[in-house]
Amino acid sequence: MFEKSNKLKLDTGFRVFRVDSSNMKDVYFAPKDLDPQQLDLFADNVKEDRTELDLLYGCMVDWGVQLSLPLATETIDGVTVYTINDGDLVACFGKPITDNVVKAMADKAPLRVLFRDSCFEKDEQKINIFEQFKQLLSWSDDEALNNIRVI
């Protein structure tokens, strides 16, 4: 019989996935069907019951990133930053997205970067994110447009 200190420490866990509907709300309406009083309902395009991991893995599937790759998380300025395979994909879905968060994400030299649209209070902040990554990673305009996704 082994004592507590002599037990083997094995990670026998594994990820389990199930196919579900899209993480995004159905927001395709004809203009005549929209009530201007309800436009604030479309401010967040993600279904309410979705988690950050749902968004992350959904985008990994969309981008063709293997779901079995290692995932690391860290908290920077109160938000969680997800890193897939040491930088294949770096994502953040919390707010606020501060300069420290952007710099920490860029320091991982990511191939792809992912944010949630609701992380940004103003469109100018989204534009600034693209410019920051272009500067920090020496990306061209095309590289920034192809490598950064805001969902």
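Quick caveat, the model's predicted, so the values are computed rather than measured.

A. View of the nonpolar core. Cys92, Ile97, Val101, Met105, Phe115, Phe133 and Ile148 are the most contacted members of the largest nonpolar core, which totals 22 residues. Tallying contributions element by element places helix H2 (residues 99–106) first for this core, with five residues. The contact partners of Val101, leaving out residues within four places of it in the chain, are Ile76, Asp77, Val79, Val81, Cys92 and Pro96. Residues Cys59, Met60, Ile84 and Phe93 belong to the second largest nonpolar core, which totals 15 residues.

B. Representation of the state of the cysteines. Within this structure, the stated rule accounts for zero disulfides. We note that Cys119 lacks a disulfide partner, and the nearest cysteine sulfur, in Cys92, lies 5.6 Å from it. The buried category is assigned to Cys119, whose relative accessible area is 5%.

C. Spatial organisation of the side chain of Thr83. With respect to the element layout, Thr83 can be found in strand S2 (residues 79–84). For Thr83, a relative accessible area of 8% corresponds to the buried category. Discounting residues that sit within four places of it in the chain, Thr83 has contacts with Pro70, Leu71, Ala72, Leu89, Val90 and Lys108.

D. Spatial organisation of helix H1 (residues 52–63). The end-to-end C-alpha distance of H1, which contains twelve residues, comes to 17 Å, matching closely the 16 Å that a straight helix rising 1.5 Å per residue would cover. Just downstream of H1 lies Gly64, where phi reads positive at about 75 degrees.

E. A look at the packing of aromatic side chains. All told, the structure shown has four aromatic pairs when counted by the stated rule. Measuring from centroid to centroid gives 5.6 Å for Phe115 and Phe120, while their planes differ by 70 degrees, and the two rings are edge-to-face. Just as Phe115 is buried, Phe120 falls in that class too. Relative to Trp139, the ring of Phe133 lies with its centre 6.2 Å away and its plane at 20 degrees, an arrangement referred to as stacked. By relative accessible area, which is 12% here, Trp139 ends up buried. Taken together, the ring pairs connect Phe115, Phe120, Phe133 and Trp139 into an aromatic cluster. One Lys or Arg, Arg149, reaches over the ring of Trp63 and ends 4.3 Å from the middle of that ring.

Parameters and conventions
- Residues numbered from 1 in each chain as written.
- Predicted model: local features only at pLDDT ≥ 70, side-chain atom pairs only at ≥ 80, totals over all residues.
- Heavy atoms only, no water.
- Core = buried A, V, L, I, M, F, W, Y, C linked by side-chain atoms within 4.5 Å.
- Buried < 20%, exposed > 50% of the residue type's maximum accessible area, 1.4 Å probe, protein only.
- Helix = DSSP H or I, 4+ residues; strand = E, 2+ residues; numbered from the N terminus.
- Contact = heavy atoms within 4.5 Å.
- Disulfide = S-S within 2.5 Å.
- Expected span 1.5 Å × (residues − 1).
- Phe/Tyr/Trp six-rings, centres within 6.5 Å; stacked < 30°, edge-to-face > 60°.
- Lys NZ or Arg CZ within 6 Å of the ring centre and 35° of its normal.

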